[in-house]
Amino acid sequence: MAILQGTPEIAVVLRRSGQARRLSLRVSGLDGRVTLTLPKSLRLQDALEFLQERESWLRAAVTRVPEMSPVGIGQEIMLHGKIVRITQGTGPRLGVEGAQLLVPPDPTGTRTALRVATYLKASARAALVPASERYAAALGRPIGAIALRDTRSRWGSCTAQGRLMYSWRLIMAPPEVLHYVAAHEVAHLEHMDHSRNFWACVAQLMPEYKQHRHWLRDNGALLHSYCFTSRPCADNG
């Protein structure tokens, strides 16, 4: 780990790689994590000098990552690709009414974020399970199991045993984007790589997948900017 001094200080993860042929500086669009990858033979001092030379670019890139936004009454959040305002309702259940996400009364203000997260997880499962099953049936492939996580580095994954994993934050994206990720992971049941054959399989399941892939690339950081925990939002993960 290296610290780039300044205001603010920037923590940089240093990663040596036997495959790296040159220095590579990356800022995650999801959580703002900065990683500097360097060849195994490169001197650490050379890497630190490279980091100093790229300081202006790095600070600009970090600034573009959305700040964490706490979830609570009066706050706006994306749901199914549309912005809704979290509003205190009168009933015991959460539900969408127009452009509002109505939540049960919360006098202490400590349960709203957890209730909203629970609602999003249930909604994500209700959407992702049938979508996955439909795409798997189109390929004639069985699904081992489906799990939901709050992952930071990927939107989904597929194991050799046919177990699928998705980020429940996908329910905040437009439905077509959620379906693209389902088609993407199900295609891995056929091809455990990202070869031409894999992408042809994705196109078979969803011909217009590229536009949804681009949406997720351009807007994925926003979905990760909502903080659902009682901890400081900068620590949310």
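The following paragraphs examine the structure supplied in this document. Each chain has its residues counted from 1, following the order in which its sequence is written. With the structure being a predicted model, the display of local features is reserved for residues of pLDDT at least 70 and the display and counting of side-chain atom pairs for 80 or more, all residues being used for whole-chain, interface and lining totals. As a rule here, side-chain values cover all heavy atoms of the structure and leave hydrogens and water aside.

**Brief notes about the overall build of the protein**
Working step 1: Strands here mean DSSP runs of E at least two residues long; helices mean DSSP runs of H or I at least four residues long; both are numbered from the N terminus. Across its full length, the protein holds 6 helices and 13 strands.
Working step 2: Projecting the C-alpha coordinates of the protein onto the three principal axes gives extents of approximately 60 × 50 × 30 Å.
Working step 3: Residue burial is assigned from relative accessible area. The probe radius is 1.4 Å, only protein chains are included, and a residue is buried under 20% of its type maximum, exposed over 50%, and partly exposed in between. Counting over 237 residues, the protein shows a buried share of 44%.
Working step 4: Residue contacts are defined here by distance: any two heavy atoms, one from each residue, within 4.5 Å place the two residues in contact. Put simply, of all contacts in the protein between residues at least 6 apart along the chain, 49% involve residues at least 24 apart.
Working step 5: Of the side-chain charges in the protein, 30 are positive and 19 negative, and the distance between the mean point of each set is 5 Å. Under the convention used here, Asp and Glu are negative, Lys and Arg are positive, and both His and the chain ends fall outside the count. Charge coordinates come from a single atom per side chain, which is NZ of Lys, CZ of Arg, CG of Asp or CD of Glu.

**Topic: the packing of helix H3 (residues 112-139) against helix H5 (residues 196-205)**
Working step 1: Fitted lines through C-alpha atoms give the axes, limited to the stretch in contact for helices. The angle between two N-to-C directions lies from 0 to 180 degrees. Interaxial distance between H3 and H5 falls to 10 Å at its minimum, and their mutual angle equals 115 degrees. On the basis of the axis angle, H3 is roughly perpendicular to H5. Relative to H5, H3 is oriented so that their crossing is right-handed. Residue-level inspection shows Tyr 135, Ala 138 and Leu 139 of H3 in contact with H5, the latter providing Cys 201, Gln 204 and Leu 205.
Working step 2: Within the contact of H3 with H5, the residues separate by chemical class into 5 nonpolar, 1 polar and no charged. Throughout, the term roughly parallel applies to angles under 35 degrees, roughly antiparallel to angles over 145, roughly perpendicular to angles from 65 to 115, and oblique to all others. For a crossing to be left-handed, the near helix must be turned anticlockwise from the far one by less than a right angle; the clockwise case is right-handed. Under the grouping applied here, Gly and all other residues not named as nonpolar or charged are polar, the nonpolar ones being Ala, Val, Leu, Ile, Met, Phe, Trp, Tyr, Cys and Pro and the charged ones Asp, Glu, Lys and Arg.

**Quick notes on the layout of surface pockets**
Working step 1: In this analysis a 1.4 Å probe is tested at points of a 1 Å grid over the protein atoms alone, and where it fits but cannot get out there is a cavity; an open set with protein on both sides within 12 Å along at least five of seven lines is a pocket; lining residues have an atom within 4 Å of a point. Grid points are joined across faces, edges and corners, and a volume is the space filled by probe spheres set on the points. Here the second largest pocket defines a volume of roughly 350 Å³.
Working step 2: Around the second largest pocket, the lining comprises 14 residues; the ones closest to its centre are Ile 10, Ala 11, Gly 32, Val 34 and Val 62.
Working step 3: Looking at the lining of the second largest pocket, the elements that each hand over two or more residues are strand E2 (10-17) and helix H2 (55-63).
Working step 4: Counted by class, the lining of the second largest pocket contains 7 nonpolar, 3 polar and 4 charged residues.

**Here we look at the nonpolar core**
Working step 1: Only buried Ala, Val, Leu, Ile, Met, Phe, Trp, Tyr and Cys residues count toward a nonpolar core, and they belong to the same one when joined by side-chain atoms within 4.5 Å. Grouped together as the largest cluster of nonpolar side chains are 49 residues, with contacts concentrated most on Ile 77, Val 116, Leu 120, Tyr 166, Val 186 and Phe 228.
Working step 2: Per element, the largest residue contribution to this core is 10 residues, and it comes from H3.
Working step 3: Apart from residues no more than four positions distant in its own chain, Ile 77 is found in contact with Val 71, Lys 82, Ile 83, Val 84, Ile 86, Val 116, Leu 120, Met 172, Tyr 226 and Phe 228.
Working step 4: Counting 15 residues, the second largest nonpolar core, distinct from the first, contains Leu 4, Leu 23, Leu 25 and Ala 47.

**Here's the deal with the packing of aromatic side chains**
Working step 1: Geometry of aromatic contacts follows a simple scheme: Phe, Tyr and Trp rings, the Trp one being its six-membered ring, pair when their centres are within 6.5 Å, and the pair is stacked under 30 degrees between planes, edge-to-face over 60, tilted otherwise. Enumeration over the complete set of coordinates arrives at 4 aromatic pairs.
Working step 2: Seen in terms of ring centroids, Trp 199 and Tyr 209 are 5.4 Å apart; in terms of plane orientation they differ by 15 degrees. Their pairing is stacked. Here Trp 199, found in helix H5, pairs with Tyr 209, found in helix H6 (residues 209-223); they are 10 residues apart in sequence, far enough to count as distant.
Working step 3: Residue Trp 199 is classed as buried on the basis of its relative accessible area of 17%.
Working step 4: Taking relative accessible area as the criterion, Tyr 209 reaches 7% and is therefore assigned buried.
Working step 5: Among the aromatic residues, those joined into a ring-pair cluster are Tyr 180, Phe 198, Trp 199 and Tyr 209.
Working step 6: The criterion for a charge sitting over a ring is simple: Lys NZ or Arg CZ within 6 Å of the ring centre, and within 35 degrees of the ring normal. Arg 134 extends its terminal NZ or CZ atom over the ring of Tyr 135, reaching a point 5.5 Å from the ring centre.

**Some details on the sheet that holds strand E12 (residues 163-167)**
Working step 1: What the 3 strands build is an open sheet, ordered E10-E12-E11; its pairing is mixed. Taken across any chain shown, the strands that pair with only one partner, and hence form the sheet edges, are strand E10 (145-149) and strand E11 (156-158). Strand-to-strand twist of the sheet, defined as the mean angle between neighbouring strand axes without regard to direction, takes the value 15 degrees.
Working step 2: Note: E10 against E12, 5 bridges, orientation parallel. Its bridge partner lying in E12, Leu 148 is registered against Tyr 166.
Working step 3: With respect to the sheet, H3 is in contact with E10 and E12, its orientation differing from that of E10 by roughly 150 degrees.
Working step 4: Set on the sheet, helix H4 (residues 175-187) makes contact with E11 and E12; between it and E12 the angle comes to about 155 degrees. For two strands to pair, DSSP has to find at least two bridges joining them.

**Details of the side chain of Glu 185**
Working step 1: When you line up the elements, Glu 185 lands in helix H4.
Working step 2: The term salt bridge refers to a pairing of a side-chain nitrogen on Lys or Arg with a carboxyl oxygen on Asp or Glu at a separation within 4 Å. Although Glu 185 is buried, it makes no salt bridge; Arg 154 carries the closest opposite charge, 6.9 Å away.

**A word on the packing of H3 against H4**
Working step 1: H4 packs onto H3 with a crossing angle of 45 degrees between their chain directions and a minimal axis gap of 9 Å. Taken as axis vectors, H3 and H4 run oblique relative to one another. The element H3 and its partner H4 pack so that their crossing is right-handed. Each of Ala 127, Leu 128, Ala 131, Ser 132, Arg 134, Tyr 135, Ala 136 and Leu 139 in H3 lies in contact with H4, whose residues at this interface are Leu 178, His 179, Ala 182, Ala 183, Val 186 and Ala 187.
Working step 2: The residue inventory of the contact of H3 with H4, partitioned by class, reads 11 nonpolar, 2 polar and 1 charged.

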